[in-house]
Amino acid sequence: FPKTWAGKVHFENQKFVPYDPACKVYETKKFHANLEKPLYDGGTVIINMCIPIAIATGFKEIILLGCDTTYFTSAQLNPYFYDIKEHKTYFNDAEERNKMWQKNVLQSYEVIQDIIREKGVIIKDATSSGTIQCFEKVSYESVVKEWNVY
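Side note on the overall build of the protein chain
Item 1. Tallying secondary structure elements over the protein chain gives four helices and five strands in all.
Item 2. The order of α-helices and β-strands along the protein chain, N terminus first, is β-α-β-α-β-α-β-β-α.
Item 3. Residues classed as buried in the protein chain amount to 37% of the 150 residues present.
Item 4. Across the protein chain, every contact between residues at least 6 apart in sequence was considered, and the portion connecting residues at least 24 apart equals 46%.
Item 5. By element, 55% of the accessible surface of the protein chain is carried by carbon and sulfur atoms, the whole surface being about 9,800 Å².

Here we look at the pattern of salt bridges
Item 1. The final tally for this structure, using the stated rule, is four salt bridges.
Item 2. The residue D41 makes a salt bridge to K24 at a minimum N-O spacing of 3.0 Å. Linking D41 in strand 2 (residues 39-41) with K24 in strand 1 (residues 19-24), this pair joins segments that are 17 residues apart in sequence.
Item 3. Close ionic contact of E61 with K124 constitutes a salt bridge, the shortest N to O distance being 3.0 Å.

A closer look at the nonpolar core
Item 1. Core analysis: the biggest nonpolar cluster contains 22 residues, and I51, I55, I62, L64, Y109 and I123 have the highest contact counts within it.
Item 2. Contributions of two or more residues to this core are made by helix 2 (45-56), strand 3 (61-64) and helix 3 (94-117).
Item 3. Those residues in contact with Y109, other than ones at most four positions away along the chain, are T44, I46, I47, I51, L64, C67, T69, I132, C134 and F135.

Cut-off values and rules
- Residues numbered from 1 in each chain as written.
- Predicted model: local features only at pLDDT ≥ 70, side-chain atom pairs only at ≥ 80, totals over all residues.
- Heavy atoms only, no water.
- Helix = DSSP H or I, 4+ residues; strand = E, 2+ residues; numbered from the N terminus.
- Buried < 20%, exposed > 50% of the residue type's maximum accessible area, 1.4 Å probe, protein only.
- Contact = heavy atoms within 4.5 Å.
- Areas by Shrake-Rupley, 256 points an atom, 1.4 Å probe, with all protein chains shown as cover.
- Salt bridge = Lys/Arg side-chain N within 4 Å of Asp/Glu carboxyl O.
- Core = buried A, V, L, I, M, F, W, Y, C linked by side-chain atoms within 4.5 Å.

What follows is the structure, given as structure tokens:
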């Protein structure tokens, strides 16, 4: 859990992961998976927490699924099931802001790809309609077949 949750949630054996939202992956070109140090911000929880935790726990191959990185683009002006104006991060210039978000997230994925490749970690993208270009594209069906999921 983020350190800001300390004292607010109580579970047995809880672990708080430090997070530094001011250190942007796409600006600093830095990324790590040391859960004892503050994790950096890449604009999405996949970059901020999921990938670092997967690497820290020993995964050498990570498959992204459902990471289309098209949140709030022209094709999808309301990604929520409720009125967008009720969302606490709604801005009148949301489309322009989200173009910048998409650019930052895609740059962060590229930074991560360069860093983790040297460490022997592979990320593949099984998202059918995603915009991420830096990871090898694989089909969902091939992943399921390879892993004998069904």
